[in-house]
Amino acid sequence: MPSRNVENRDQGRREWVGGRFCPPLHVMEGGPYRPQIAMWLELPELLVVACHVEDPKEQTTFAQTLREAMRRPLAGPPRRPGRVRVADALQAAELRAAMPDLEVAVAPTPELELLGRDLAEHLLESTPEKDTESYLEGGRIPAPAVARLFEAARLLYVVAPWKTASDDQILRVDIPQLGIEGACLSIIGALGQNLGFILFPLLEGFEAFQQLGQTEPKAEGPLDLGTTILSLNFERGAELPPSMRREVAEHGWQVAGPHACPRIDHLERDGLRRPLTEHDLRVVSAVATSLGAFFVKHGSLARAEADPICESWAGNDGLTVRFTAPYDAAHHFAENAPRPVAASPKVGRNQPCPCGSGKKYKKCCLPASEAHAATPSPAPVHERDQDLVAQMRRYAKRRFGEAWARAASDFADAAQSVQLFGPWSVYVFEVEGRPIVGWFLEECGARLNAAEREWLFAQQRAWLSVWEVLAVEPGKSVTMRDLLSGEQRRVHEVRGSAVLVARDAILGRVVDHQGISVFCGIHPRPLPPFEAAEVLRRARSKLRRQSAAPVEKLRQEPFGRFLIARWEEAVEEMDARTFVPPQLRNTDGEELLFTTDHFSLEPGVRAEVEARLRALEGAQPPEEGGEDCFSFLRSGNAMHKDWENTVIARAWVSEGALKLESNSIARADELRRRIEEACTGLLRHRAREHSDPVALAEHCPPSEPENELPPEVQQRLVRDLKERHYADWPDQPLPALGGKTPRDAARTRRGRAQVDLLLRQFENSEGRLPPGERFDISDLRAQLRLQK
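Residues numbered from 1 in each chain as written. Predicted model: local features only at pLDDT ≥ 70, side-chain atom pairs only at ≥ 80, totals over all residues. Heavy atoms only, no water.

## Topic: the sheet that holds strand β21 (residues 619-620)
Threshold: A pair of strands is considered paired only if DSSP assigns at least 2 bridges between the two. Here a strand is any run of E in DSSP of at least two residues, a helix any run of H or I of at least four, and the numbering for each starts at the N terminus. Working rule for contacts: check all heavy atoms of both residues, and any pair within 4.5 Å makes them a contact. Think of each axis as a best-fit line through the C-alpha atoms, taken over the contacting stretch in the case of a helix, with angles from 0 to 180 degrees between the N-to-C directions.
In spatial order, the strands read β21-β22-β23-β24-β20-β25; together these six strands make up an open sheet with antiparallel pairing. If you trace the sheet from one side to the other, it starts and ends with β21 and β25 (683-691), each paired once. Pairing of strand β23 (residues 645-653) with strand β24 (residues 657-662) involves four bridges; the strand directions are antiparallel. Counterpart to alanine 651 in the pairing with β24 is leucine 660. Of the strands in this sheet, β20 (594-601), β22 (630-635), β23, β24 and β25 touch helix α19 (residues 665-678), which is tilted by about 170° from β25.

Structural data, given as structure tokens:
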């Protein structure tokens, strides 16, 4: 018989395999939710030493489940494994940080997956089959909510959008009051079967589901739809379960026909049907009502080849549904930009909730409001990050030396870009296949507290990308949109919100932590829209995606290095352009160059020369009491359509000379030719002078205005000038649009993108002016049907 000490030593060398999975069932207490099970197996016997069903209200960490398994295993005495194996790298990092002296391996865990499948099959077999199905879900859904569903479904069935739309012509859906943002709607039934629609939480969910249909089904292993799915289908009344048919008859819910009974399904990612909630019915009812109205108005305009559409529909239930077609046109429209939320009146705890649920405020939205009010300040987060970054930099320098120091090579001047370089060097830059934060958690995580470890895990979920400023609340926050992934965040930022303006582009990292978002690593130089557009073009080419990119790709270190290099190049090119003198042009588009021609007159011919000048087309003789010079005019103006004429030159005549001034060589040559032909034998050209307007401006001292206008008058004059300039801008041919007018260009998808970029550049420039001088670019957007 081996001694007990020998037996304990043998157990201490054994491997434990751990992980989490969701069983195929829902807990109905307190509302339907999917429990999560943390399980630990001891090898080689496949002995279950822990099986912990986690309550979502509890904050049980994965490391705590292992500690509990070692203290009180389900079989055998308390003991400690020789090493543990998990499949998830973040779980491994958590275990290493909590128990640094424990060997933790990251590798597949087929033993756990097999046991999980067996447990799932057992639970499915042991779960009694329901002999009744109900629209009311056992009393959890009120009958009026179902009645609204039937009414909305009846209208949608009559409109029948599946007759003009296919399942790949997707729409974006936003219902802010219900927390639906960026959902993806696919209409089904083009082939006359399975009529209705499918609502995906995000575009990526639709793409994952679509990809699943194009691949061979797996012979074994769990089903993975790639997303959750909320759908509305129309079924034959005769095919409904008897219990649901009885409910329809008892409540008098009306349908559009024998094949038009609505049926909602909410599927988990693994295909398990989720018990429905009143929230599900409100979402489907609102979408069905608005979708019917949308197709009544637009019909085939919802097709992908039509012009983009973005419209909102408000129902009697107080919900506003916004549709955008096609999905990826959302950034063109103002309704997809953040809007200020009007302050809600104070609601008593026992008053009806303003959300319309019918519950008391204290039982409905009050907890969420209180949680929002208690949102933590980002200041402690920044202080913690500065301390941790400093620790990790010291650790990296000591642990990896020159290998880590190469992180600076990604920047033209790492010291100048320290705001981004510091976080980049420890959170993203890889040494020996891992970023510094991974090594630090593994080797030094034991000395960190729980808050510090949580912050580092949040940092590992962040990514570097190009973020566009949508709105600024000075001194508080900046609302940003990731131009590569489409993600949107309201970032708590005090200093940045004081200097950033709408449409600025920032290269940076946004970290989500405990309900707030903060900048943790931004390049010190923002870019205006034109320069940022080129960086984005090259980034999308690198990603080989024109649509939203998965954040997993943006987290990859090689892409981050590529993005930093392109950004640094754009900044360098922008700075180089500031040293190039501006190229000024007149209203004919000719290079601006002050040109003076000098002529000598034959004796006694001044009166004759003046008479012949008066006879020239467009000549205006000197006015009485005015300047003693001739003006030469041409009808209209190539740049300003509202100008009646254009002054192309002026001439002064004396007893023995004529001086002709114009602002380009082309205009000077034309007038010289006309004057010499008209005054043959009366004058002779002697010389020509050129003056560079830029050089003149640099060498002329600024003059002191005798009567300076008040600032408000100056600003009004500037606004008036802009209004006249932009009045006919939509109908002016522009070189940036290949000679097309903005109105013509906006008729195509590519042209709309080009015009939108021009308008974003204008918005960015106007945002830097004093408020009294700014021109509202939204007027141009409205004319061109190009919303923000």
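The discussion continues.
## A few points about the pattern of salt bridges
Rule in force here: Salt bridges are identified by distance alone: a Lys or Arg side-chain nitrogen within 4 Å of an Asp or Glu carboxyl oxygen. Three exposure classes are used, based on accessible area relative to the maximum for each residue type with a 1.4 Å probe and protein chains only: buried under 20%, partly exposed in between, and exposed over 50%.
Under the definition given, this model contains 50 salt bridges. The closest approach of N and O atoms between arginine 747 and aspartate 744, which form a salt bridge, is 2.4 Å. Judged by its relative accessible area of 54%, arginine 747 falls in the exposed class. The structure contains a network of salt bridges with shared partners spanning Glu468, Arg481, Arg503, Asp756, Arg760, Glu763 and Arg781.

## Things to note about the side chain of arginine 509
For clarity, the cut-off: Positive charges are assigned to Lys and Arg, negative charges to Asp and Glu, while His and the chain termini are left out of the count.
Mapping arginine 509 onto the fold places it in strand β18 (residues 505-513). Despite its burial, arginine 509 pairs with no opposite charge; the closest candidate is aspartate 385, at 6.6 Å N-O. For arginine 509, the contacting residues outside a window of four places in its chain are Pro423, Tyr427, Val428, Gln459, Ala462, Trp463, Leu464, Val518, Phe519, Cys520 and Gly521.

## Let's talk about the environment of leucine 202
Its place among the elements puts leucine 202 in the loop between β8 (196-200) and α6 (203-213). Sequence spacing of leucine 202 and glycine 182 is 20 residues, and the spatial spacing of their C-alpha atoms is 5.7 Å. Residues in contact with leucine 202, not counting those within four places in the same chain, are Glu181, Gly182, Ala183 and Cys184.

## Focus: the pairing of strand β9 (residues 229-235)
Within β9, six of the seven residues are buried, which leaves the element mostly enclosed by the surrounding structure. One ladder, built from four bridges, connects β8 with β9; its direction is antiparallel. Residue pairing across strands places glycine 196 opposite asparagine 233, the latter belonging to β9. Two strands pair when backbone bridges link them, and β9 and strand β10 (residues 261-267) are joined in this way by seven bridges, in the antiparallel orientation. Looking at the pairing, leucine 230 lines up with histidine 266 of β10.

## Brief notes about the nonpolar core
The condition is simple: By nonpolar core is meant a set of buried Ala, Val, Leu, Ile, Met, Phe, Trp, Tyr and Cys residues that side-chain atoms within 4.5 Å join together.
Residues Met392, Tyr427, Ile436, Trp455, Leu456, Val466 and Leu563 are the most contacted members of the largest nonpolar core, which totals 71 residues. Membership of the second largest hydrophobic core comes to 49 residues, among which are Val248, Leu276, Ile309 and Leu319.

## Topic: the packing of aromatic side chains
Here is the rule we go by: Only centres within 6.5 Å qualify two rings of Phe, Tyr or Trp (six-membered ring in Trp) as a pair; their planes then separate them into stacked at under 30 degrees, edge-to-face at over 60, and tilted for everything else. Our definition puts a charge over a ring when NZ of Lys or CZ of Arg is within 6 Å of the ring centre and also within 35 degrees of the ring normal.
On inspection of all chains with the given rule, the structure shows 18 aromatic pairs. Pairing tryptophan 729 with phenylalanine 762 gives two aromatic rings, centres 5.4 Å apart and planes at 70°, and the pair type is edge-to-face. Here tryptophan 729, found in the loop between α21 (711-727) and α22 (742-745), pairs with phenylalanine 762, found in helix α23 (residues 749-767); they are 33 residues apart in sequence, far enough to count as distant. There is no split in this pair, since tryptophan 729 and phenylalanine 762 are both buried. Cluster of aromatic residues (ring-pair linked, three or more members): Tyr395, Phe400, Trp439 and Phe440. Sitting over the face of the ring of tryptophan 439, arginine 399 holds its NZ or CZ atom 5.3 Å from the ring centroid.

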